[in-house]
Amino acid sequence: MKLIRWRKGNTSLPGIILDDQYYDLSIFGEDYDEGFFETDGLERLEKFIKTSKSDLKKLEEPVELDSPVARPSKIVCIGLNYADHAKETKAQPPAEPVIFLKSTTALFGPFDPIIIPKNSKKTDWEVELAVVISKKASYVDEHSAHEYIAGYCLHNDVSEREFQIERSGTWDKGKGCDHFAPLGPFLATQDEIPDVNQLRLWLKVNGKIMQDGTTANLIFKIPFLVSYVSQFMTLLPGDVISTGTPAGVGLGMNPPVYLVPGDVVELGIDGLGTARQQLVSWQPVT
């Protein structure tokens, strides 16, 4: 299945993609949140679709998409998980996964603008494969990790490099700004992705390819990451693990290149769709 969340005014509603067509799933009566996943929501939804497909209403274009997962308890990110990215940032590939968190207020839709934070000079891009957790996971064995995965999403791990690297402390302050976690366009369940270790992921800035990699080059594979993270924190249903980015980020260029208002970022992963975000300046709320 391919799950979407779409906006009707200020409300986000569940939906699904069937035969490349968007459908409203409001009659299912549940959002794609922690409660949905922890009560075998994917299995219940699959049964519902089989019996009620003819009752579903097609959504008329254009459809405004939100994050395909309602606000998770946490967004866990893995740093330096591609050797080429570690090299371009002059870092050693880690002996163990580097873990940091993005704030849940960073989560937005796949076509929403990216807001360059106040006082930012070094806003950067990172295309990543994100994993969505299906059930409570604590001290998970690597061999059973697949049982805890609801599916996969496209994610742009937007980063402010000055905040992240030059402002002391942890990476989190450069990772969790508003609009720094656009997710989607959809959540694809595991059966939709034949081989998650053979997916091309790419990103363009203003039409120019900046990143072009493959998940075959992940240093730490997805089952290991789910198991590893669960040794240090309980993962709740609907939580997101973003698995790292390949080479081609602005920080790694000589000289570095960063995003400015008006820039357009496009990104995609095989089987997980594409997204597009335009950069805008921060403005005070009036």
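Our subject is the structure that appears above.
Residues numbered from 1 in each chain as written. Predicted model: local features only at pLDDT ≥ 70, side-chain atom pairs only at ≥ 80, totals over all residues. Heavy atoms only, no water.

This paragraph deals with the sheet that holds strand E17 (residues 208-214). Reading across the sheet, the five strands line up as E9-E20-E19-E16-E17 and stay open at both edges, with mixed pairing between neighbours. Bordering the open sheet on either side are strand E9 (114-116) and E17, each of which pairs with just one other strand. When strand polarity is set aside, the average angle formed by the axes of neighbouring strands in this sheet is 20°. (Pairing = 2+ DSSP bridges. Helix = DSSP H or I, 4+ residues; strand = E, 2+ residues; numbered from the N terminus. Axes fitted to C-alpha atoms, helices over the stretch in contact; angles between N-to-C directions.)

Once that is clear, we can look at the side chain of Gln211. One can find Gln211 in strand E17. Here the side chain of Gln211 touches Val127 through a polar contact of 3.2 Å, landing on its backbone nitrogen. Not counting chain neighbours up to four residues away, the residues in contact with Gln211 comprise Trp125, Glu126, Val127, Leu201, Trp202, Leu203, Thr245, Pro246, Ala247, Gly248 and Val249. (Polar contact = N/O pair within 3.5 Å; in protein donor to acceptor, adjacent residues only side chain to side chain. Contact = heavy atoms within 4.5 Å.)

Of all seven residues in strand E1 (residues 2-8), five are buried, a share of seventy percent or more. Summarising the sheet, E1 and strand E15 (residues 187-189) pair through two bridges and their orientation is antiparallel. The partner of Leu3 across the bridge, within E15, is Leu187. Two strands pair when backbone bridges link them, and E1 and strand E2 (residues 11-18) are joined in this way by seven bridges, in the antiparallel orientation. Paired with Lys2 across the strands is Ile17, a residue of E2. Following E1, the chain reverses through two residues before pairing antiparallel with E2; Gly9 in that reversal takes a positive phi of roughly 65°. Pairing geometry for E1 and strand E5 (residues 65-66), over two bridges, is antiparallel. Note on E5: the bridge partner recorded for Trp6 is Leu65. (Buried < 20%, exposed > 50% of the residue type's maximum accessible area, 1.4 Å probe, protein only.)

Turning next to the layout of surface pockets. Approximately 330 Å³ is the volume found for the largest pocket. Forming the boundary of the largest pocket are 15 residues, of which Leu42, Glu43, Ser134, Ile149 and Ala150 lie nearest the centre. At the level of elements, helix H2 (41-52) and strand E12 (149-156) are the ones that each hand at least two residues to the lining of the largest pocket. No other element matches the four residues that H2 contributes to the lining of the largest pocket. For the lining of the largest pocket, the class distribution of residues is five nonpolar, four polar and six charged. (1 Å grid on protein atoms, 1.4 Å probe; cavity = no way out; pocket = protein on both sides within 12 Å on 5 of 7 lines; lining within 4 Å. Points joined across faces, edges and corners; volume = space filled by probe spheres on them. Nonpolar A, V, L, I, M, F, W, Y, C, P; charged D, E, K, R; others polar.)

Interpretation note: all reported values are geometric properties and have no functional meaning in isolation.
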